[in-house]
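Here's the letter readout for the chains.
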Amino acid sequence: MKNSMKTAATYIRVSTDRQEELSPAAQKRELKKYAKKNGILITDFYEDNGISGRNAEKHPQFQEMISLAK
């Protein structure tokens, strides 16, 4: 049986500039660390900044990621 690596796209979102511990760079580092630990190849990073999390339809990068996944 052939061993194949899992692939994934990631989504990063920060609604305010004050979210320093959850900055886009910090989120990206954590996602990369998780992927490496779990044998996942990240193929794409999608990022929306400064947008409230209440309505996913207002997140263009999230919508693009979902559209490509379908």
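Let us look at the structure shown here. One numbering rule holds for all chains: residues counted from 1, following each sequence as written. For a predicted model such as this one, the threshold for reporting local features is a pLDDT of at least 70, and the threshold for listing and counting side-chain atom pairs is 80 or more; totals across whole chains, interfaces and linings nevertheless cover every residue. As a rule here, side-chain values cover all heavy atoms of the structure and leave hydrogens and water aside.

Thoughts on the overall build of the protein
The helix and strand inventory of the protein stands at 2 helices and 2 strands. For the protein, the sequential pattern of α-helices and β-strands runs β-α-β-α. For the protein, the residues scored as buried account for 19% of the 70 residues in total. We call two residues contacting when some pair of their heavy atoms lies within 4.5 Å. Taking the contacts inside the protein whose residues are at least 6 apart along the sequence as the reference set, 57% of them involve residues at least 24 apart. Strands here mean DSSP runs of E at least two residues long; helices mean DSSP runs of H or I at least four residues long; both are numbered from the N terminus. For each residue, the accessible area found with a 1.4 Å probe, counting protein chains only, is set against the maximum for its type, and the residue is called buried under 20%, exposed over 50%, and partly exposed in between.

Thoughts on the environment of Ile-40
Note that Ile-40 resides in strand 2 (residues 40–49). Distance from Ile-40 to Ser-4, taken between C-alpha atoms, is 9.8 Å for residues 36 residues apart in sequence. Not counting the four nearest positions on each side in its chain, Ile-40 is found in contact with Met-5, Lys-6, Thr-7, Ala-8, Tyr-34 and Ala-35.

Considerations on the environment of Glu-64
Mapping Glu-64 onto the fold places it in helix 2 (residues 60–69). The sequence separation of Glu-64 and Tyr-46 amounts to 18 residues, and the corresponding C-alpha distance is 8.3 Å.

Focus on the pattern of salt bridges
Here, a salt bridge means any side-chain nitrogen of Lys or Arg that lies within 4 Å of a carboxyl oxygen of Asp or Glu. For the coordinates displayed, the defined rule picks out 1 salt bridge. Between Lys-33 and Glu-30 there is a salt bridge; the shortest N-O distance is 3.5 Å. Taken together, the residues Lys-33 and Glu-30, both in helix 1 (residues 24–37) and 3 residues apart, mark about one turn of the helix. Given the relative accessible area of 46%, Glu-30 is considered partly exposed.

Describing the packing of aromatic side chains
Each aromatic ring pair is characterised by the separation of its centres together with the angle its planes make. Think of it this way: a Phe, Tyr or Trp ring, Trp meaning its six-membered ring, pairs with another when their centres are within 6.5 Å, and the plane angle makes it stacked under 30 degrees, edge-to-face over 60, tilted otherwise. For the structure on display, the rule yields 1 aromatic pair. Between the aromatic rings of Tyr-11 and Phe-62, the centroid separation amounts to 5.1 Å while the plane-to-plane angle is 65 degrees, which identifies the pairing as edge-to-face. In this pair, Tyr-11 sits in strand 1 (residues 6–14) while Phe-62 sits in helix 2, placing the two residues 51 residues apart along the sequence. We classify Phe-62 as partly exposed; its relative accessible area is 24%. Charge over a ring is defined by NZ of Lys or CZ of Arg lying within 6 Å of the ring centre and within 35 degrees of the ring normal. Above the ring of Phe-45, the side-chain terminus of Lys-28 is found at 4.5 Å from the ring centroid.

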